[in-house]
Amino acid sequence: KAGVTQTPRYLIKTRGQQVTLSCSPISGHRSVSWYQQTPGQGLQFLFEYFSETQRNKGNFPGRFSGRQFSNSRSEMNVSTLELGDSALYLCASSVVGSGELFFGEGSRLTVL
Amino acid sequence: GESVGLHLPTLSVQEGDNSIINCAYSNSASDYFIWYKQESGKGPQFIIDIRSNMDKRQGQRVTVLLNKTVKHLSLQIAATQPGDSAVYFCAEDGRDDKIIFGKGTRLHILP
């Protein structure tokens, strides 16, 4: 069974630009969560989607948004990038209601 | 509020010894706790979980202990091996299916 796939793996943007990250969950997993990982703050919860609906949201500004498609694939978008948005963005899929998250390898975003 | 923290950012253990990684949580409503392991360049990987109606749960070479009175969680790794070198995160589910992670402990294995 294929794991969680995230694209792109690495990207460099400049301040003010926007970025879209993609996540393909494990087949059969309908819940997708996104996390931001930085050395100082650890893993911070961004949002969770299930059946194309956002079920939970973390404490991030409105510049961070996401969506889920009917095939459970998910995207997250960050607009008006700031230097502090440089981080590893991790996507995880799961069976809904399960704490066993299956993570992808992440998308490493560098904002210059 | 919702926060999960760890007592030590780094832990060094001799190969073959047992490792104990600690975690404190603050949300008394949390009823489900998980430990994850993250190796360099990879996403976190599920190790073991425990529900709040249990005090102890054992897996292969790992044991999780939960003390709800003091809101403390620990992960014990028996006979630590070089492959155990990683960052370990505790995480909690505060009954809203939102999994919140602590900041992690880096485990170093000494030869």
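Refer to the preceding data block for the structure.
Residues numbered from 1 in each chain as written. Chains lettered and ligands numbered in written order. Predicted model: local features only at pLDDT ≥ 70, side-chain atom pairs only at ≥ 80, totals over all residues. Heavy atoms only, no water.

1. With respect to the interface of chain A and chain B
Much of the literature gives interface size as the accessible area that the parts lose upon coming together. Contacts between chain A and chain B engage 20 residues on the former and 17 residues on the latter. Summed over both partners, the interface of chain A with chain B buries about 1,500 Å², with 52% contributed by carbon and sulfur atoms. Three residues, L43, G99 and F103 of chain A, lead the burial of chain A against chain B; their summed loss comes to 30% of the area buried on that side. On inspection of chain A and its partner chain B, the count reaches zero salt bridges. Counting across the chain A and chain B interface gives three residue pairs in polar contact (both at pLDDT 80 or more). Elements that contribute at least two residues to the side of chain A that touches chain B include exactly β4 (31-38), β5 (42-50), β6 (53-57) and β9 (87-94) of chain A. Per-class residue counts for the side of chain A that touches chain B are seven nonpolar, seven polar and six charged. (Contact = heavy atoms within 4.5 Å. Buried area = accessible area lost by both parts, 1.4 Å probe. Salt bridge = Lys/Arg side-chain N within 4 Å of Asp/Glu carboxyl O. Polar contact = N/O pair within 3.5 Å; in protein donor to acceptor, adjacent residues only side chain to side chain. Helix = DSSP H or I, 4+ residues; strand = E, 2+ residues; numbered from the N terminus. Nonpolar A, V, L, I, M, F, W, Y, C, P; charged D, E, K, R; others polar.)

2. As for the pairing of strand β4 (residues 32-38) of chain B
Residue and element names in this part refer to chain B. With seven of its seven residues buried, β4 lies for the most part within the structure. Remark: six residues form the turn of the hairpin made by β4 and strand β5 (residues 45-51), two consecutive strands paired antiparallel; G41 in that turn has positive phi of roughly 80 degrees. As judged from the seven bridges shared by β4 and strand β9 (residues 86-93), these two strands associate in the antiparallel manner. Pairing of Y36 across the sheet is with F89, part of β9. (Buried < 20%, exposed > 50% of the residue type's maximum accessible area, 1.4 Å probe, protein only. Pairing = 2+ DSSP bridges.)

3. Looking at the packing of aromatic side chains
As enumerated under the stated definition, the model contains 11 aromatic pairs over all chains in all. Taking 5.6 Å as the distance between ring centres and 70 degrees as the angle between the ring planes, the aromatic pair formed by Y35 of chain A and F45 of chain A counts as edge-to-face. Taken together, the residues span a long stretch of sequence, with Y35 of chain A in strand β4 and F45 of chain A in strand β5 at a distance of 10 residues. You can call F45 of chain A buried: its relative accessible area is 7%. For the ring pair Y25 of chain B and F33 of chain B, a centre distance of 4.5 Å and an interplane angle of 45 degrees mean the geometry is tilted. On the basis of relative accessible area, Y25 of chain B is assigned to the buried category, the value being 7%. For F33 of chain B, a relative accessible area of 2% translates into the label buried. (Phe/Tyr/Trp six-rings, centres within 6.5 Å; stacked < 30°, edge-to-face > 60°.)

4. Notes on the state of the cysteines
All chains considered together, the criterion is met by two disulfides over all chains. The side chain of C23 of chain A participates in a disulfide bridge whose partner is C91 of chain A; the two sulfur atoms lie 1.8 Å from each other. Disulfide C23 of chain A-C91 of chain A: the torsion about the S-S bond is -55 degrees, which places it as left-handed. Linking C23 of chain A in strand β3 (residues 19-24) with C91 of chain A in strand β9, this pair joins segments that are 68 residues apart in sequence. Residue classification places C91 of chain A among the buried positions, given a relative accessible area of 0%. Each sulfur of the disulfide joining C23 of chain B and C90 of chain B lies 1.8 Å from the other. Judged by the sign of its S-S torsion, about 55 degrees, the cystine formed by C23 of chain B and C90 of chain B is right-handed. Separated by 67 residues along the polypeptide, C23 of chain B in strand β3 (residues 19-25) and C90 of chain B in strand β9 bring together distant segments of the chain. (Disulfide = S-S within 2.5 Å.)

5. A look at the side chain of H29 of chain A
Residue and element names in this part refer to chain A. As for its position among the elements, H29 is in the loop between β3 and β4. A polar side-chain atom of H29 sits 2.9 Å from a polar atom in the side chain of S93. With residues near it in sequence (within four places) discarded, H29 still touches S72, S93, S94, V95 and F102.

What is shown is where atoms sit, not what they do.
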